[in-house]
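In case you want the letters, here they are:
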Amino acid sequence: EYTQGWYGSEGDRSFFWCWARGDAGYRINNPHPFAVKSRLRFSLFSAGRRSVLLKVNGEDFWETTLAEDQFITVSLSALKLRPGENILEWKTDAPPVMIDSDPRELAFVIQNLHLDLLREMPAGNTP
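These remarks concern the structure in this document.

Quick notes on the overall build of the protein chain
Logical step 1: Along the backbone of the protein chain there are zero helices and nine strands.
Logical step 2: Secondary structure elements of the protein chain, listed N to C terminal, follow the sequence β-β-β-β-β-β-β-β-β.
Logical step 3: Taken against the 2.2 N^0.38 rule, which gives 14 Å for 127 residues, the C-alpha radius of gyration of the protein chain at 15 Å falls within 12% of a compact globule.
Logical step 4: The principal-axis extent of the C-alpha atoms belonging to the protein chain is close to 50 × 30 × 25 Å.
Logical step 5: Look at the contacts in the protein chain between residues 6 or more apart in sequence, and 70% of them connect residues 24 or more apart.
Logical step 6: For the protein chain, the exposed surface amounts to about 6,900 Å²; the carbon and sulfur share of it is 48%.
Logical step 7: Here the protein chain holds 14 positive side-chain charges and 17 negative ones, and the gap between their average locations is 7 Å.

Some remarks on the sheet that holds strand 6 (residues 59-66)
Logical step 1: The antiparallel open sheet is built from four strands, whose spatial order is 3-8-5-6. Only two strands of the sheet have a single partner each, and these edge strands are strand 3 (24-30) and strand 6. Strand after strand, the sheet turns through a mean of 15° between neighbouring axes, direction not considered.
Logical step 2: Bridging between strand 5 (residues 50-56) and strand 8 (residues 84-92) involves five bridges; their strand directions are antiparallel. Of the residues in strand 8, the one forming a bridge with Leu-53 is Lys-91.

Focus: the pattern of salt bridges
Logical step 1: Taken as a whole and judged by the stated rule, the model has eight salt bridges.
Logical step 2: Among the ionic pairs, Arg-27 bridges to Glu-1, the shortest N-O distance being 3.2 Å. Of this pair, Arg-27 sits in strand 3 while Glu-1 sits in the segment before strand 1 (10-11), placing them 26 residues apart in sequence.
Logical step 3: Close ionic contact of Glu-10 with Arg-104 constitutes a salt bridge, the shortest N to O distance being 3.2 Å.

Notes on the pairing of strand 2 (residues 16-20)
Consecutive residues of a regular strand have side chains that alternate between opposite faces of the sheet.
Logical step 1: Counting buried residues in strand 2 gives four out of five residues, a clear majority hidden from the surface.
Logical step 2: Alignment of strand 1 against strand 2, held across two bridges, turns out to be antiparallel. When the bridges of strand 2 are listed, Gly-11 appears paired with Phe-16.

Thoughts on the nonpolar core
Logical step 1: By size, the foremost hydrophobic cluster in this structure holds 26 residues, and its most contacted members are Phe-42, Leu-44, Trp-90 and Phe-108.
Logical step 2: At the level of secondary structure, the elements contributing two or more residues to this core comprise strand 2, strand 3, strand 4 (36-46), strand 5, strand 6, strand 7 (71-81), strand 8 and strand 9 (108-120).
Logical step 3: Ranked by the residues each element gives to this core, the list is headed by strand 7, at five residues.
Logical step 4: With sequence-adjacent residues up to four places away left out, Trp-90 is seen in contact with Trp-6, Gly-22, Asp-23, Ala-24, Tyr-26, Phe-42, Val-52, Leu-53, Leu-54, Phe-108, Ile-110 and Leu-113.
Logical step 5: In this structure, Trp-19, Ala-47, Leu-106 and Val-109 belong to the second largest nonpolar core, which totals six residues.

Criteria and thresholds
Residues numbered from 1 in each chain as written. Predicted model: local features only at pLDDT ≥ 70, side-chain atom pairs only at ≥ 80, totals over all residues. Heavy atoms only, no water. Helix = DSSP H or I, 4+ residues; strand = E, 2+ residues; numbered from the N terminus. Rg over C-alpha atoms; globule rule 2.2 N^0.38 Å. Contact = heavy atoms within 4.5 Å. Areas by Shrake-Rupley, 256 points an atom, 1.4 Å probe, with all protein chains shown as cover. Lys, Arg positive; Asp, Glu negative; His and termini not counted. Charge placed at Lys NZ, Arg CZ, Asp CG, Glu CD. Pairing = 2+ DSSP bridges. Axes fitted to C-alpha atoms, helices over the stretch in contact; angles between N-to-C directions. Salt bridge = Lys/Arg side-chain N within 4 Å of Asp/Glu carboxyl O. Buried < 20%, exposed > 50% of the residue type's maximum accessible area, 1.4 Å probe, protein only. Core = buried A, V, L, I, M, F, W, Y, C linked by side-chain atoms within 4.5 Å.

Structure follows, in structure tokens:
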């Protein structure tokens, strides 16, 4: 579930995206009583040069620096989801910008965000 910092989701089931106006959050609920290992896949496009940091449950997880108008595809397979609510936060170091005729202030866009559950985490490895 997209939380704060996003504009509405756009696109359709086969190609979808969501622009962030700056720092933005996402909530994942793990309904199991145990932690699960998962893979997070998405594409990222930056409006202007900026760094983007992904935090998971308050801890730094992944970071990249994007050049002007750079597009990257990301696959992060070491994401551990604890039981219950998990908070992902995308943080950026640059202010939003205006692009062409779009009236919104835009920082970056996440496209085709997918979460793949890989396996249950062994007892004692709960994040």
